[in-house]
Every structure is written in structure tokens, then in C-alpha cells.
Amino acid sequence: MTLMTPPPLDQQEDDEMLVPHTEFADGPQPMEGGALNFLSVSQAETATAVDAQSVDDPPSARFTWTIDNFSRLNTKKLYSDVFVVGGYKWRILIFPKGNNVDHLSMYLDVADSTTLPYGWSRYAQFSLTVINQLHQKYSIRKDVLNMLFRRNMVLGGFPDIDTQHQFNARESDWGFTSFMPLGELYDPGRGYLVNDTCIVEADVAVRRVIDYWSHDSKRRLVTLAVYHMPTTENDIPSGSIPLALQSLFYKLQYSDTSVATKELTKSFGWDTYDSFMQHDVQELNRVLSEKLEDKMKGTVVEGTIQQLFEGHHMNYIECINVDYKSTRKESFYDLQLDVKGCRDVYASFDKYVEVERLEGDNKYHAEQHGLQINDRYEFPLQLDLDRDNGKYLSPDADRSVRNLYTLHSVLVHSGGVHGGHYYAYIRPTLSDQWFKFDDERVTKEDIKRALEEQYGGEEELPQTNPGFNNSPFKFTKYSNAYMLVYIRESDKEKIICNVDEKDIAEHLRIRLKKEQEEKEQKRKEKAEAHLYTIIKVARGEDLLDQIGKDVYFDLVDHDKVRSFRIQKQITFNLFKEEVAKEFGVPVQFQRFWLWAKRQNHTYRPNRPLTPQEEAQSVGQLREVSNKANNAELKLFLEVEVGQDLRPVPPPEKTKEDILLFFKLYDPSKEELRYCHLHLTVVRNYSRLQLLNFFDDRYVGRLFVKGSGKPLEIVTKLNEMAGFAPDQEIELYEEIKFEPNVMCEHIDKRLTFRSSQLEDGDIVCFQKPPQIGSDEQCRYPDVPSFLEYMHNRQYNITMGNGLMMKANPSSFMVDLPGLDWASLGYLVVRFRSLEKSKEDEFCLELSKLHTYDDVVERVAHHLGLDDPSKIRLTSHNCYSQQPKPQPIKYRGVDHLSDMLVHYNQTSDILYYEVLDIPLPELQGLKTLKVAFHHATKDEVVIHTIRLPKQSTVGDVINDLKTKVELSHPNAELRLLEVFYHKIYKIFPHNEKIENINDQYWTLRAEEIPEEEKNLGPHDRLIHVYHFMKDTTQNQVQVQNFGEPFFLVIHEGETLSEVKMRIQKKLQVPDEEFSKWKFAFLSLGRPEYLQDTDIVSNRFQRRDVYGAWEQYLGLEHSDNAPKRSYAANQNRHTFEKPVKIYN
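Residues numbered from 1 in each chain as written. Predicted model: local features only at pLDDT ≥ 70, side-chain atom pairs only at ≥ 80, totals over all residues. Heavy atoms only, no water.

The next subject is the pattern of salt bridges. Evaluation of the coordinates by the stated rule reveals 53 salt bridges. For Lys1012, the salt bridge is made with Glu971, and the minimal N-O distance between the two is 4.0 Å. On the criterion of sequence distance, the pair formed by Lys1012 in helix 25 (residues 1009–1012) and Glu971 in the loop between helix 24 (952–960) and strand 48 (972–978) is long-range, its members being 41 residues apart. Residue Lys1012 is classed as partly exposed on the basis of its relative accessible area, which comes to 29%. In this structure, the salt-bridge partner of Arg973 is Glu1005, at a minimum N-O distance of 3.0 Å. On the criterion of sequence distance, the pair formed by Arg973 in strand 48 and Glu1005 in strand 50 (residues 1001–1006) is long-range, its members being 32 residues apart. Both residues of the pair, Arg973 and Glu1005, belong to the buried class. When salt bridges with common partners are traced through the structure, they connect Asp554, Arg598, Arg604, Glu758 and Asp761 into a single cluster. (Salt bridge = Lys/Arg side-chain N within 4 Å of Asp/Glu carboxyl O. Helix = DSSP H or I, 4+ residues; strand = E, 2+ residues; numbered from the N terminus. Buried < 20%, exposed > 50% of the residue type's maximum accessible area, 1.4 Å probe, protein only.)

Next comes the structure, spelled out in C-alpha cells:
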């Protein structure tokens, strides 16, 4: 076997960098761009890259493996010797008879993968070769490039081909299952086996991870501005966008790992659904920029967003036959250029500024709104907007400023119009080095990959068999540039400026530095976790503190005891010295017991450690004692004390000795209390201190003989409890508590071994219940009390899968006269229906509580005198939202009925405080009506509440008293709107009882005067906004916006109708000139010319409904999307990007 360093592999030389896995959001961050900004790149600020720098060639080597007696190998797989490349250990893995295939299987393997720390990974480019020993040129060589290409050919996709592989714990080997046919390999005439010897070579080049995080984000004007936004030390990042951005930028600047954006998206007011919903990156950038602009107002950095992004364009309108000119100056943060039919950016700019004659059918491509155009479209590295004597500039532009822009970023969208993936190519310092930012992964790229390969269009695959005369295969690229960021050359030094610690507020610097140190410590601990063992030590003091407060069953909560982080190679005897320092118990007085998890899921001390085990290392002891492969070692520290309260050596334990733990139950006080035999003062806690009505106490522990009987220790137990020596007591064994309590009576006449008692068992004892006594106990014995406590405990399953046990006793309200033992209690979380994502308060309730019981408790908590004004709504466990319909007054019998949703049970209820009692409200019909003002661009929601037998006319009359009318005699009508179409005009005499406003929008509006006086040949038609979408090569019409009615007159041309529509909608001339008009029947558009008679198209009567024939206004949807009722027609439009805070 030989190892040599060959020339560099004939693959790409670009370095690839691994960034540790993180929770990266697809949401954008602000990008600088001078006055011209085509693009805001989603990850330009969430991931940074190094400056242009010289990077040495990756370490590489060739390893040659000579395998003798190859055909006689009697093993399924075979490893080569280990070789080192780039400081990493590698080896070749082969399957001589194939890995379940009739081919030789061969892989490159990380030799020490089983001993590497958590989270390890490495990148390598490699090839594997079987040498032809007769003719070298016929050697079979395969590399990752060929493998990936062929694999993707089978899948039918043609992604960007990567020449490296990331090795990690999941993929520690990588290679070729079907390297070459076994028939060729074993054929002696082929030359691959000569003298039964096979020679295999591996060429390996290790791609080093480059620390790209600590450079670029130091030099951002926007970073400097964000640091100067005022925040306080009391702010919380998840509730403050400025602080969340400051925290994000600081981590990028000073952290050597990738940074999550969860805090930032939470500061937007987003929940998990918002974070994972794909947003349009241009819209998200615009909304975020506007929000930042608003947050910067009144601060020292006010105006920074405008300084970075704002540009202006001028609109000119000049009449041909009239001496009239108008000019309008408008600002922009980004430009949306038309790319259809344009070969490059300059052609789009030519189209953007060309003179348009506003008549006839303007040849605009509004129908392409919402489509993804994959035609080839080029963009330059430098954009000169001064070209051709500044033809793109307005006459008022400052000609002294050189409008030369340099490309900074290219944001790429891969996929289709309905979904896909964003990634970006960025050169952070405007050097020649580009980087690809794809979530947490960053790779160095050349200019061809960043520019030319993002032009779109078609790509031609290389011929797989050049000797044959076959035509090349072409396919359309579905990954191409979506947005661009250019920075003006004259401003780049100002934009890419240095940011130092002195630019960061002191309180912010201290806070963020502390957070980084804590995160680094956690990361270090996680990386070194394989070197350490966590030892959790429970003592008698822990049992004393927890039982009755945090623990009712078993003995201790191990998460609340003292834990030690100890190196695995440390001997246990050295660890005992650490314990002596911590607890003040000398080593010779310590005896440790191992905890064991029993089959009934209880944890009990099982046996003491032997001297031989204590001489072992901590790591060895953990592996021997823990069959669950848990990193923790749980121990119980037994310490015996003498009469002077000082530790004494523990007594010798024989096989006959059994360690038992004791709890004492007092039925009259309903408590299990604790006391030590050797203590003269009984330790006791008042109810007030523990916020409990019932105390559960650990009594102590005793060694008993297995052949002994409980009768023999009764006197000692009485002494421990403070009873008279001859007091009669009853004993019970606490066996288990999940899923049901098991607590059995112990016969004091049988031996401990006959009662199947063993080390670690728990014995509860009490005085016998007083039969015939005037004082009746609710829980006369230990089993009934434990059953009650079990019912009062509750489980909360958290979103991350963690199961928490909680004790709700502090919520307890003692209602006399109820049999608490028979009631299953749980804590119900109440949320206001208006803030349905936030828990507002909790109440401990019984599942058997009636409807009246529940609303009374809620009203009492809210300080409301009349419980009938409380309305409750159940929780939908699947959508995690309130159910559409509230619970009717006394509509369910018990709380359990309110919490059940199909086969799932929730612990959430929503409440409303009504202005009238619910029974009265249920006799009324409540409708939400959106009133559209006749002369103002406003929509106001009104809640109409009338008796169920009322009519639509009653609704209109009630509405007239609440709205502002254009004139006193205005008449109103009520419409049913769904998916941006008008489906119904309600007649005034229709009953409102059956009107459904949960899914349909109810719209009220004034009836225009022209509709009141229709001529015999006039028609009232529907007019809807629409745009076209291409899905699976089919054109579909999508309606949007507010539909309306329009009167058309006989003989009226489209040109005349357009004038009235423009006046009605108040659309500016420039925008309106781009609109197209079509007659649509059953979703098929027929485009109209200005001279067409519109009324001629609306003659058919054989359609399902009037809404199926309408005049369509085709244009882009630029209006802000408005949802004016949370419960109305959720699918009316796609959810717009919103930042709530």
C-alpha cells in the first residue's frame, strides 16, 4: 500500500464551507444598495462571508491498496488500512461480492467515525479507481461528480451538481454500490485481477471549513444604523424588532457559528405557521423596510432606510391635441422591471422609460403578473444608467452624480409560482469572490455560477455517448435570478463601513456578550459531552424537601437534585472527594446506592455500590449501571448520623437486610409528615408556606431483616411518629402510580420477604380509621388519599414533546360538600377569544363540573357579577384554533364535554365577555356586515344584532342608524360576496335566521342613482378584477379585489364604459392605461377592443348564475390585501406578509 500526493483533482477548485445546522428562516434581512435596489436578498444579513482571500489548495493525497488472494476472500466486506488526508483518518470499504448487487461495491469511509464528538462533519472530494494492470487506460475511475449526475438523471431532475460530499454521523461512508460488474472484475482476461491481486486507488481532497462568519457583518451601514436604534436592558428580543436585529447582527459579528432567526421572526409577531409559510421575498423585504423605517423615526438613525434604498422616478403626461402637461414624482425602494420579451436589464429599462400612447389596446403584459418567466434574461456585473447620454434620467436629475452601479447580490428562486426555494449569490465586499448562501450552507462560487447560470432559459446537457450522432437534450431551467441588488460605485465606501464595539450601546454589548458566552459554554459542553458523565446525587434532605411539595409518589425528582459534571476517566473514589467538599460528608461516611427503574416505571434505590465498583472510572460505572444508554448516573447518598448529629460509618449490609423508606399519613390532617428518629425537633411546614391544603411527608428509612416481621418495628415506627409505644398502626406498600395507583395493605404478621418487600420499597403507615367517630375523614386511609392526589396531578404535553408533571394545589379551592376523591381534576387554560394564542389564566376544575360551575368560576376570576355574560368556545386540537361555533348556553353537561374534540382531549377554552346575557343573545341573530362607503375608500365592520325572525330590511334599517350616508335619502342593499364575486342581492323580506356570515362576506352599500332608473335596454352587469395564472400549462383566472355592479347602456362602447369605470375606481391614468378588459363566461376571457359594443356580449341567459358572466378588469393586484373580518372567507386571498409588532 502506498500513499502519495497527486496533482489536484480535475474537478472544480471552489472551496465549500460547512456551517453547523441552525434554525434558519427564509425571511429576508435588509440589504444596502445605494439609490437603486432591484432586490432585497433574504439571507444577505443572516449569513456572512469572508473577504476575498487566497486559499491554499485543499490537502489531497492518493492511497493505493493492493489486495492479494482477492477471489478467495471469504468476507462480505473488507476495510483497507487507515490513511490520513488533511488531518483526517480515512479508509476504503469494499464488498468483494457486491452489496446485495452483482457489482463490486466500493466506498470511502471515515475511519474513526464512532469515536468522533457529537455534531462532527467534514467535506471531501474524492474518486475511487480499480486499476487495470494490463492496460492502464482501461482502469475504471468513478468520482462524486459522475455519481451524483447519474443519480439525478434517474430521478428526472437536473440540479446544480456538487463535487463534494459532506461526511457526518449519518453518512460516514459514501461511494458506489454498483462500481463495476463482478463479471468484468473476475474475468482474468480483462486485467483487473492479475495473479489474483486487485489494486484499488482513492484520490481524496479535503475541503476545509472556512470561518466566514466573523468578517462581512462587521461592515454594514445598515448594521451601524440598527445598533443605534434605542433599546433598553429591560427589552425582550422576541418582543422588540430593534433588539432582535441588534442581537442577530451581534451574533453574526462575533459568533463563529450560524445564527438562528427565531427571535427575529417572533419579534414580528409571527407564530410557527407564519415562519414556515413561504413569502414573496420582495414583499417581505418591503414590509420589513417600512417597519424599520417606522422604528427609526425619532431616533438618531431616522432616514437611514431612505438613504440606503430610496430612489425617484418621474411620470410625464402630455396631451397630443391640447396644450397640457403633468408631472408627478414618485419614490421607490425597489423597481419591478418587465422581463417578458426583454433580453437583458437594459432592454427592461428601455421599456420602462419608453413613451406610451395612451389609446387603444396598450400592449402591456399584465397577464404575466404572478407567473414565473423562465426565458433567458441577462444582467451585467456593472449597470451604467448614464449610458446613451443619460436616457434613463429625468431632466431634473443631478448629472454630477455618476450613476454606475455594481452588482452585489443575486437572489435565485428555484421552483414554480406556487412554491420553491430561495437562495442567494453574494459578494459581500464587492471583490471578485462570490459566495452562495443556501440556508446554513455557504460555498465559494465563481462569477459564472453567480451570473451566467442564473440567466434562465434552456440548458443543453452534454452528450453521454459522443461517438453516436444523437441530438443534444435540452431542458428549461427552473432556477434563475428573481431579484438583484446593485450598489452605486460612488457610495460603496459609505455603505460598506466598519462597525466596532464602540458603536454598540454598553448595556447591549454586556447583554449580548453574556448571551454569547452562555451559548458558547453550552456548545462547548455539548461538544465535550462524550467526555463527561452527569451524576445526579439524591440525599435524605432532597426527599424531605420534595415529598409533599413537588413529589407525591416515589421519592424524589432527579431533575431537582444536585448534579455533577465529571470526566469519565476520573475514578469514582475521586468523585467521592468532590462530594465530601460539596456536602461536608467525609468519604468514609458515604455510601452510594444505584437507582433502578422498575417494570412498573417507578424509580427506587436498588443496591449499594461495591468497593470494586467504586474503584472503577465514572464512565465505566455509568455503562455498567445504565442499560438505557443514558448519559446520566443516578445515585442515592446514604448518610447515617449519631446522637451528636454528626456522620457515622454506615452499618454493614448483608443479604438479609432490606432498606425501606417510610411515610406517615394523618387522616385527620390529611397529610403525610416527616420526622427523624434522632431529632428532638420535628420538622414541619405550614400549609401557608407550601401553598398546599395537604402535605405529603417522607418519614425516614430503616434497615429491616427479610425474615423479620412488621410487628417487630411497630414500636420504632411509633417512636419516629411521636405516637405512644403501644399505638396500633396500619401499614401499606406504595407500589406504583401510573397509569393507576396501586397501594396494598401489609399484613404485619407476615415476614417482609413474604410480603415481597425489597430494597427501596416505600411503606406508608397511619393510625387506624376511627369507626363511629363524630369526625369523619374524607380520606380515611392511605390508598384513598393517594388516589385523590393522583387525580389532582395533571400532565401537560408541551409542543416540543416534553412531558411535565405539575402540582396544581396552589390553584385549589375547597368547595364543601363535594366528594373530591371521585372528581378527576385538571388545570384548564383560558384564553381570550380576541387573543387566541396567549394563555391568560388557569383554573383547576373537575371534569364533572357543570356548564354553570365553569362559567361561574370564570366570572369569579374576572370579577364579573353576571356569569351568564360569559360565552365559551372549545379548542380545535387539529388546527390549534378556536372552533367556529361557540358553546351554547347550557349546551353541554360537563367540562369534559367542552374539552373533547373528536377522539382528543384539550385543556384549552376560549372566553368572551358579552354586553348582554348569553341566553338573550342566543335569541338574537348576530351578523357582521362590511359597509362600503359610497364616496370614501373605507370599509367599516358593523355587528348587527336582531331577533332571529327579523328580515334583511330590518338589518338595513338598523345599519342606517350606524353608518354615514352620502345623502339622507340614500337606499342600501345587502350583498353576499364569496371569492371576490357577488353571488346574491338579498331581498328585503328574506329572513336573517338562515344567513351564514361565517364563510360568506356580507357587504352593504348604497344603491347608485343610475341603477334606480334603468332604461328598457340597460343592463346591470357584474364587474370583477382578475389576473391569469398558469398552472400545469393551463391558464386559470384568479379574481381579486372588490367586485361591483355597473349599468351599461345599449350601444355603449368599451371606450365609454372604461371612462366610467376609471372615474368610479379613481385609478391614475398611467396605471389604468395598462388594464385590459374582457368578457368572461364560465372562466374563459374574450378580450374586448375599445370600439366593441359591450351590451352585445351580455345577452345569454343560459348560464348558471349572473356571476358566471362578467366584465373582467385584468391588471396586477397592487392594492394592500385587507381582511376585514377574521372569521370571514379565509380563502379570499393569499395571506399577505405582515409584521405585527
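Okay, back to it.
This brings us to the sheet that holds strand 46 (residues 924–932). Taken together, the 5 strands give an open sheet; going across it, the order is 47-46-50-48-49, and neighbouring strands pair in mixed fashion. Strands with a single pairing partner mark the edges of an open sheet, and in this sheet they are strand 47 (939–947) and strand 49 (981–985). Direction aside, neighbouring strands of the sheet carry axes that sit 40° apart on average. As paired strands, strand 46 and strand 47 are joined by 9 bridges and run antiparallel to one another. Looking across to strand 47, one finds that His932 is bridged to Val939. (Pairing = 2+ DSSP bridges. Axes fitted to C-alpha atoms, helices over the stretch in contact; angles between N-to-C directions.)

On to the nonpolar core. In terms of nonpolar packing, the biggest core is built from 34 residues, with Trp90, Val130 and Val204 touching the most fellow members. For this core, the secondary-structure elements that each account for two or more residues are strand 3 (60–67), strand 5 (83–85), strand 6 (88–95), strand 7 (103–110), strand 8 (121–130), strand 11 (173–181), helix 2 (182–186) and strand 12 (198–207). It is strand 12 that contributes the most residues to this core, 5 residues altogether. Leave out the neighbours within four places in its chain, and Val204 touches Pro59, Ser60, Ala61, Phe83, Val85, Trp90, Leu108, Ala124, Gln125 and Phe126. Judged by nonpolar contacts, the second largest core, of 33 residues, contains Tyr227, Leu245, Leu252 and Leu264. (Core = buried A, V, L, I, M, F, W, Y, C linked by side-chain atoms within 4.5 Å. Contact = heavy atoms within 4.5 Å.)

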